[in-house]
Amino acid sequence: MTGERERERVRRAQLPIAKTLIIRSDLSFLVRRPEKQTIFMSELDVQIPTAFDPFAEANAEDSGAGTKEYVHIRVQQRNGRKSLTTVQGLKKDFSYNKILKDLKKEFCCNGTVVQDPELGQVIQLQGDQRKNVSSFLVQAGIVKKDNIKIHGF
């Protein structure tokens, strides 16, 4: 197996390619030059930039970001033009059924309260009601505007 790899490496080194970056399975990086000199990337003083992780604060359990309780308002696409708005993260002190009843009357849509094993109780409404729900929750004094996260397209 190693003899085949060595032959393949020699064959590639003889090709007249200007600049090529080859990534081998053993994670050593080679840079080919027109002079056919092989320089390992470890010999070069190149710093690989670290990628930005947008979920870093969500994954950090001991960070201060987890202390603030957010109400998440999401939209889920169903079939065709149909969509579903979900509201999760409300305090357990509130009556979800009464909030749902007021939301249904206010926005003329149907909805339900679903019990999820991971997320707890989740309010589901028909249609894209994200902006309506967020303004309703702020006006009713249920949640502050800073504690609302709106997700979706």
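Treat the numbers as computed from the prediction; the structure is a model and nothing was measured.

**Q** Whenever I open this one, the overall build of the chain confuses me. Can you help?
**A** For the chain, the count of helices and strands is four helices and eight strands. Across the chain, helices and strands are ordered from the amino to the carboxyl terminus as α-β-β-β-α-β-β-α-β-β-α-β. For the chain, buried positions account for 24% of its 153 residues. Residue pairs at least 24 apart in sequence account for 40% of intrachain contacts in the chain once pairs closer than 6 positions are excluded.

**Q** Explain the environment of N97 here, please?
**A** The residue N97 is located in helix 3 (residues 96–107) in this model. Accessibility expressed as a relative area gives 55% for N97, which makes it exposed.

**Q** Looking at this model, I keep getting lost on the packing of aromatic side chains. Mind explaining?
**A** Remark: the centre distance and the inter-plane angle together describe each pair of aromatic rings, the angle taken between the planes. Within this structure, the stated rule accounts for one aromatic pair. Over the ring of Y70 we find K149, and its NZ or CZ is 4.6 Å from the ring centre.

**Q** Explain the sheet that holds strand 6 (residues 111–116) here, please?
**A** Spatially, 6-7-5-4-8 is the arrangement adopted by the five strands of the open sheet, whose pairing is mixed. The open sheet has two edge strands, strand 6 and strand 8 (148–150), and neither has a second partner. In this sheet, neighbouring strand axes are inclined to one another by 25 degrees on average, regardless of whether the strands run parallel or antiparallel. Pairing of strand 6 with strand 7 (residues 120–126), which is carried by six bridges, proceeds in the antiparallel orientation. Within strand 7, the residue paired with V113 across the bridge is I123.

**Q** Explain the state of the cysteines here, please?
**A** The bond known as a disulfide is covalent and runs between the sulfur atoms of two cysteines. Per the counting criterion, the structure on display carries zero disulfides. C108 takes part in no disulfide bond, and the closest cysteine sulfur, belonging to C109, lies 7.8 Å away. When its relative accessible area of 74% is taken as the criterion, C108 is described as exposed. On the basis of relative accessible area, C109 is assigned to the buried category, the value being 13%.

Cut-offs used in this document
- Residues numbered from 1 in each chain as written.
- Predicted model: local features only at pLDDT ≥ 70, side-chain atom pairs only at ≥ 80, totals over all residues.
- Heavy atoms only, no water.
- Helix = DSSP H or I, 4+ residues; strand = E, 2+ residues; numbered from the N terminus.
- Buried < 20%, exposed > 50% of the residue type's maximum accessible area, 1.4 Å probe, protein only.
- Contact = heavy atoms within 4.5 Å.
- Phe/Tyr/Trp six-rings, centres within 6.5 Å; stacked < 30°, edge-to-face > 60°.
- Lys NZ or Arg CZ within 6 Å of the ring centre and 35° of its normal.
- Pairing = 2+ DSSP bridges.
- Axes fitted to C-alpha atoms, helices over the stretch in contact; angles between N-to-C directions.
- Disulfide = S-S within 2.5 Å.

The values are spatial; any link to function lies outside them.
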